[in-house]
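Structure at a glance
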Amino acid sequence: MSEDSEKGLDFSAIADPYAQREAEKYEQPIPSRELILQLIEKGGRPIGRRQIAEAFALESDDQLEALRRRLRAMERDGQLLFNRRQQYCLVDSHDLIAGRILSYADGFGFLKPDDAGDDLFISPREMNRVLHNDRALVRVSGVDRKGRREGKIVEVLERNTQQVVGRFVKEHGVQFVQPDNKKITQNILIPKGKGNDAKKGQMVVATITEQPTLRSQPIGKITEVLGAHMAPGMEIDVAIRTYDLPSVWPDEVAEQIKPFKKVVAEEAKQGRVDLRDVPLVTIDGEDARDFDDAVFCSKTPKGWKLLVAIADVSHYVQAGSALDIEARNRSTSVYFPEQVIPMLPEVLSNGLCSINPDEDRLSMVCEMLINEQGQVIRSRFFDAVMRSHARLTYNKVSAMLEDKHPKLSKKYKAVLPHLEQMYALYKAMRGQREIRGAMDFDTQETQIVFAEDRKIDKIIPVQRNDAHKLIEEFMIAANSAAARYLNRKKMPRLLRIHEGPSDEKIKTLKTFLGELGLHIDGGDKPTPVDYMHLTSSIKGRPDAHLIQTVLLRSMSQAVYSPEKKGHFGLALEAYTHFTSPIRRYPDLMVHRAIRHCLQGKSPESFYCGFPEISTLGEHCSSNERRADEATRDVVSWLKCEYMQDKIGESFGGIISAVTGFGFFVELADLYVEGLVHVTSLGQDFFKFDPTSHQLKGERTGLRYRLGDKVNVVVAGVNLDDKKIDFELLAMQQRKASHPSEEKKVKKVKQLDKKKSKHKHKNMKNKGKPHKKEKK
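Cut-offs applied
- Residues numbered from 1 in each chain as written.
- Predicted model: local features only at pLDDT ≥ 70, side-chain atom pairs only at ≥ 80, totals over all residues.
- Heavy atoms only, no water.
- Pairing = 2+ DSSP bridges.
- Helix = DSSP H or I, 4+ residues; strand = E, 2+ residues; numbered from the N terminus.
- Contact = heavy atoms within 4.5 Å.
- Axes fitted to C-alpha atoms, helices over the stretch in contact; angles between N-to-C directions.
- Salt bridge = Lys/Arg side-chain N within 4 Å of Asp/Glu carboxyl O.
- Buried < 20%, exposed > 50% of the residue type's maximum accessible area, 1.4 Å probe, protein only.
- 1 Å grid on protein atoms, 1.4 Å probe; cavity = no way out; pocket = protein on both sides within 12 Å on 5 of 7 lines; lining within 4 Å.
- Points joined across faces, edges and corners; volume = space filled by probe spheres on them.

1. Things to note about the sheet that holds strand β16 (residues 303-311)
Spatial ordering of the open sheet is given by β13-β20-β19-β16-β15, a layout of five strands whose pairing is mixed. The sheet is open, and its two borders are formed by β13 (273-274) and β15 (293-300), each paired with just one other strand. Inspection of the sheet shows β15 paired to β16 by eight bridges, in the antiparallel sense. Counted as the bridge partner of C297 is L306 from β16. Contacts between helix α14 (residues 466-488) and the sheet are confined to β15, β16, β19 (360-371) and β20 (376-387), with β20 contributing the most and set at about 105 degrees to the helix. The strands that helix α18 (residues 585-598) touches are β16, β19 and β20; relative to β20, the one it contacts most, it runs at about 100 degrees.

What follows is the structure, given as structure tokens:
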């Protein structure tokens, strides 16, 4: 159908019900999405962009460009389809589902619907058309053999992979980039002349020039050669590009920070509460680079007064500025081993917003009055100018408070009385934490220690002392006070929510506990108190670590959202992030919301409304996960490199996860995890039981369960896949003593494979006429 046949549609005189909303957002408003959908629906057939413009009497270049962008956004969001005849048509919401593609290393994928419905399975063939994180419109085509809804891709709405980092490969005259990100399962073909002089095996960045289709691979050109695969620091360069982490400051940001000085301007200190004589101190790790919080505690007749002073980032990062746009884009600082990609430039993160000792700093302060029982009975917020009286570390504070270290106590005698009051307050607050049932699992954190060549020297456990817990408790109290304050003021704000376990996970947990003769109270909805009662009851059991791991895995992931859903893990009805605006964008938003209230302004006049806050929460949660994944990738790569010279060595370990294809073992002294594949477990068929977290041999009855101690041999290390393979020491010894038996097993496996192939061929030909019969 030609576009001319669409003439006659005239919507220029029809009032747009959302005109006011559009006028508030744009200087030159155009028809709303709702009115555009109404136009196409009334026309009853697809319509071109020129006819849409004519129907609304849009003529200026600005209006036409705004319409083009709006139609493209509606197409991207799954509201419209753009057909091959360059026309827009409505999407039948009953048949088509818009969402984001999630790809898996085995080739298949899922569509995560925008409406939060159940995921749709996408077959490997259909996945040829897209890459991980693309947005697509999918039609439900049926149900697969596992009972999952299966989808067929109708249209790719948005391409989200423009660059790929990986290893440059040349084979049989063909050159391509093998992606480092295993979620991108297609190699990027590199035509001749587009290799940028890259050498075989080097790590490179390829820009995609042609996206994949059902029948063709993606095509690209090499735009950056990173260097040798094993070069020091390469793992971080790769992670930055693989996860598209912003690491270069835009020119606008560099221009904005030029006027910033090393000291706080005198005019900025005016109108603030002066706390420079109050002995506030910072308490952080030995290797901390930025200091965004300081604390002070004093005794009162009814308990304590606690001050938590946080660097006033919002004073320097104004909403809508280049700094703000880039901070929002990054959302969080990314902490790699011995390297940080900060959310804010160094002049702020390590300078004006870092609470260095004996330097004036602007801060936002949460003042809390706490009774003898450790309950916060009153809190308030105010702007202040402060000065840190000491830069303390967790180990130093622990030595003074727990070990009564004489030399340190003498050195810090000016602040020691206040530290002792902090310790007394912490013990009271700790009691409240236990009463409300906040989670307190014993998890082991580790630290990588590097040698001079940036290779791992060793991996050591991080010991948590009471100083760590003291600061953690004070920060939780301030975060909770901020959430209560903003809720009370009915402000648009981002909360940190952590929902309780799902019904399915509770059911699985109860079955697992039942097999061990244990029980969790609370019926179908156990509370945090029920969880902690169970944790207390298993102390001293040999399988306590196993049970705690299963309890942890029944939890959901914490996210940012404006919804009042509470924090299950901390057993708090209201919780947000207030204490780290240097490294987390949600904290910066909370500071702005609090200052808005302190200035006596209404919630309606806040620059960011509830819809925008909700979108921001999803953005920050997604970038937080991205940062975590990038960090995990780097650590996995470093650990693989560390284990390369340990192939053939044996270690003791504990089973940390069980799957259908084997189980993972964490080495006891090295804190490195690897896989014992099910095929290496001998001549038996092992059945996986997800409820009891174990593999059980049908013939031998052998069991391998989560938390079991095993001895393993390092069998192989794959740096490309960031995987380490183990074999059970007993199996290795058996192979060494019975080599003929091992050969026999391999021969049997080969025969089984041939029989299976022959059987499949016969089944395929069953019922078909012989070639001669056809003739």
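2. Section: the pairing of strand β6 (residues 135-143)
Here strand β3 (residues 96-103) pairs with β6 via five bridges, running antiparallel. The residue of β6 that forms the bridge with R100 is R135. Looking at chain direction, β6 and strand β7 (residues 149-158) are connected through eight bridges and run antiparallel. Bridging across to β7, V138 finds its partner in I153. Joining the antiparallel neighbours β6 and β7 is a turn of five residues, in which G147 adopts a positive phi near 85 degrees.

3. A closer look at the pattern of salt bridges
What the rule picks out here adds up to 38 salt bridges. Between D274 and R276 there is a salt bridge; the shortest N-O distance is 2.8 Å. Looking at D274, the relative accessible area reads 44%, which means it is partly exposed. Accessibility expressed as a relative area gives 26% for R276, which makes it partly exposed. One salt bridge connects D312 with R595, and the closest N-O pair in it is separated by 2.7 Å. Of this pair, D312 sits in the loop between β16 and α8 (313-316) while R595 sits in helix α18; the two residues are 283 residues apart in sequence, bridging distant segments of the chain.

4. Digging into empty space enclosed by the protein
Enumeration according to the criterion identifies four cavities of 30 Å³ or more in this entry. Roughly 90 Å³ of internal volume is contained in the largest cavity. Around the largest cavity sit 13 residues that line it, and D180, E235, V238, W637 and K722 are the ones nearest its centre. Secondary structure elements with two or more residues in the lining of the largest cavity: α6 (234-242) and α19 (610-643).

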